[in-house]
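Coordinates in review
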Amino acid sequence: MLPIWFLQLGTSAKSFLDNPLLGSQRLNRWGLHRARVRAAGALCGWRRWRLSGKVRADWREAFDRDGFVAIENVIPPEEFAALRRAILSYEGEAREMRQGDAITRRLAVDPQMFHAVPELRRLLDRKDIKALFHYVAGFRIAPLHYIQTIVTHDASNEADPQETLHADAFHSSLKSWLFLNAVAADEAPFTFVPGSHRLTKARLDWEYRRSLADPTAIDRLSARGSPRVDAADLAEMQLPAPRALAVPANTLVVADTLGFHARGDSVRPIERVEIWSYGRRNPFVPWLGGDPLSLPGLAERRVGWLWALRDRFENVVGQPWRKVGVRRPVDSMD
């Protein structure tokens, strides 16, 4: 495996447990992890600079400052009402995953959904939104799109791991949520530490110290490359307190998940529906595009291919998303 482990150093591989080179305390003491973080950050900054001219100035400024941008009334109200009705009444093949006491249901935004909900294609083809997605992702690629439903406080004795502040990886990536329901401050709001997407000296020093930990002695998700943080870590990195985003329906939130984020606490069970988008690529690729799977006709089929691939090789790569048949976004969860 050594040649594969070595080649993974130039990819988005992040698990300190699965790759002993990434998890090597000796190599990380010599600066391996910090070098990967810095190189990925520098390349992302260069690519974003090249993409910046097409992004609305106010959106770009908010994102550069905070690491996320929240855009209220992103769709004209009358169009949003029609889009919401169409999505909530749509029936398609669904998958579900449980994490702690939360269940996530996803329906792929695929050719069948675009045919049934043409308003959704028009939204995702908007030039201003695509330019923002490209800028945050740092690449001119098409994200994966889903209709996602979150149900909290389902019967379980385990905590939802998404409620702990964390970064998704050691490099930048795109996630976005277009909320079809209003989100109250006490109903599991998206929560983000403003400015935590920036690779300051304090953040890089923290990344270095974290990389020296024995991966078998820390929590599993951190050891697999998605570091969990607490108030002491934020103070160490000179970062502010997390900000919970209570927003009205028809709000689009786009974030760089290199920044620390979480699903906020909820005082009651909730069921929330959103258009959820995700984009991540090898952070060491210097060019902006060149992704054949982002081409029209292929991009909207990727989710189905990805699910089928993981089903086929479940024993090797795992498959947390179980089939639940044809559902609507707000059908009862099993």
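Residues numbered from 1 in each chain as written. Predicted model: local features only at pLDDT ≥ 70, side-chain atom pairs only at ≥ 80, totals over all residues. Heavy atoms only, no water.

1. Thoughts on the environment of Leu124
Considering the arrangement of structural elements, one finds Leu124 in helix α7 (residues 118-124). Other than its neighbours up to four places away in sequence, Leu124 contacts Val109, Phe114, Lys130 and His145. (Helix = DSSP H or I, 4+ residues; strand = E, 2+ residues; numbered from the N terminus. Contact = heavy atoms within 4.5 Å.)

2. Some words on the sheet that holds strand β11 (residues 322-327)
A sheet is described by the order of its strands in space; here eight strands give the open sequence β1-β8-β5-β10-β4-β3-β2-β11, paired in antiparallel fashion. A strand with exactly one partner marks an edge of an open sheet, and here the two such strands are β1 (68-72) and β11. For this sheet, the mean angle separating the axes of adjacent strands, direction not counted, is 25°. Each of β1, β4 (144-151), β5 (174-179), β8 (251-256) and β10 (271-279) is contacted by helix α8 (residues 127-137), which is oriented at about 25° to β8, the strand it contacts most. Those strands touched by helix α12 (residues 302-312) are β2 (92-99), β3 (102-108), β4 and β11, and its axis lies near 70° from that of β4. (Pairing = 2+ DSSP bridges. Axes fitted to C-alpha atoms, helices over the stretch in contact; angles between N-to-C directions.)

3. Side note on the nonpolar core
Leu120, Ile147 and Leu178 are the most contacted members of the largest nonpolar core, which has 41 residues in total. The leading source of residues in this core is α8, at seven residues. With residues up to four places along the chain from it excluded, the contact list for Leu178 reads Val74, Ile75, Phe80, Leu123, Asn250, Thr251, Leu252, Val273, Glu274 and Ile275. Val183, Phe190, Ala255 and Val303 belong to the second largest nonpolar core, which has 18 residues in total. (Core = buried A, V, L, I, M, F, W, Y, C linked by side-chain atoms within 4.5 Å. Buried < 20%, exposed > 50% of the residue type's maximum accessible area, 1.4 Å probe, protein only.)

4. Overview of the sheet that holds strand β6 (residues 190-192)
Taken together, the three strands give an open sheet; going across it, the order is β7-β6-β9, and neighbouring strands pair in antiparallel fashion. Taken across any chain shown, the strands that pair with only one partner, and hence form the sheet edges, are β7 (243-245) and β9 (261-263). Geometrically, the sheet is characterised by an average inter-axis angle of 25° between neighbouring strands, direction not taken into account. As judged from the three bridges shared by β6 and β7, these two strands associate in the antiparallel manner. By the bridge assignment, Thr191 is partnered in β7 with Ala244.

5. Considering the pairing of β4
Most of β4 sits out of view: eight of its eight residues are buried. Burial along β4 is two-sided: the residues Leu144, Tyr146, Gln148 and Ile150 and His145, Ile147, Thr149 and Val151 are all buried. Of the strand pairs in this sheet, β3 and β4 are connected by six bridges, and their pairing is antiparallel. Across the sheet, the residue bridging to Arg106 is Gln148, located in β4. Bridge analysis of β4 against β10 gives eight bridges, and the strand direction is antiparallel. Counted as the bridge partner of Val151 is Glu271 from β10.

6. Some details on the packing of aromatic side chains
In total, this model carries nine aromatic pairs according to the counting rule given. For the ring pair Trp206 and Phe260, a centre distance of 5.8 Å and an interplane angle of 85° mean the geometry is edge-to-face. Note that Trp206 is positioned in helix α9 (residues 201-211) and Phe260 in the loop between β8 and β9, a separation of 54 residues in sequence. For Phe260, a relative accessible area of 0% gives the class buried. Ring pairing ties together the aromatic residues Phe68, Trp177, Phe190 and Phe192, which thus form one cluster. The positively charged end of Arg50 is found above the aromatic ring belonging to Trp46, 4.3 Å away from the centroid. In this structure, Arg121 is placed above the aromatic ring of Phe114, and the distance from its NZ or CZ to the ring centre is 4.2 Å. (Phe/Tyr/Trp six-rings, centres within 6.5 Å; stacked < 30°, edge-to-face > 60°. Lys NZ or Arg CZ within 6 Å of the ring centre and 35° of its normal.)

7. Focus on the packing of helix α4 (residues 57-66) against α8
At a closest axis distance of 11 Å, the pairing of α4 and α8 adopts a crossing angle of 25°. Here α4 lies roughly parallel to α8, going by the angle between them. For α4 against α8, the interelement crossing comes out right-handed. Here Trp59, Arg60, Phe63 and Asp64 of α4 come into contact with α8, specifically with Asp128, Ile129, Leu132, Tyr135 and Val136. Of the residues in the contact of α4 with α8, the class split is six nonpolar, no polar and three charged. (Parallel < 35°, antiparallel > 145°, perpendicular 65-115°, else oblique. Left-handed = near helix turned anticlockwise from the far one by under 90°. Nonpolar A, V, L, I, M, F, W, Y, C, P; charged D, E, K, R; others polar.)

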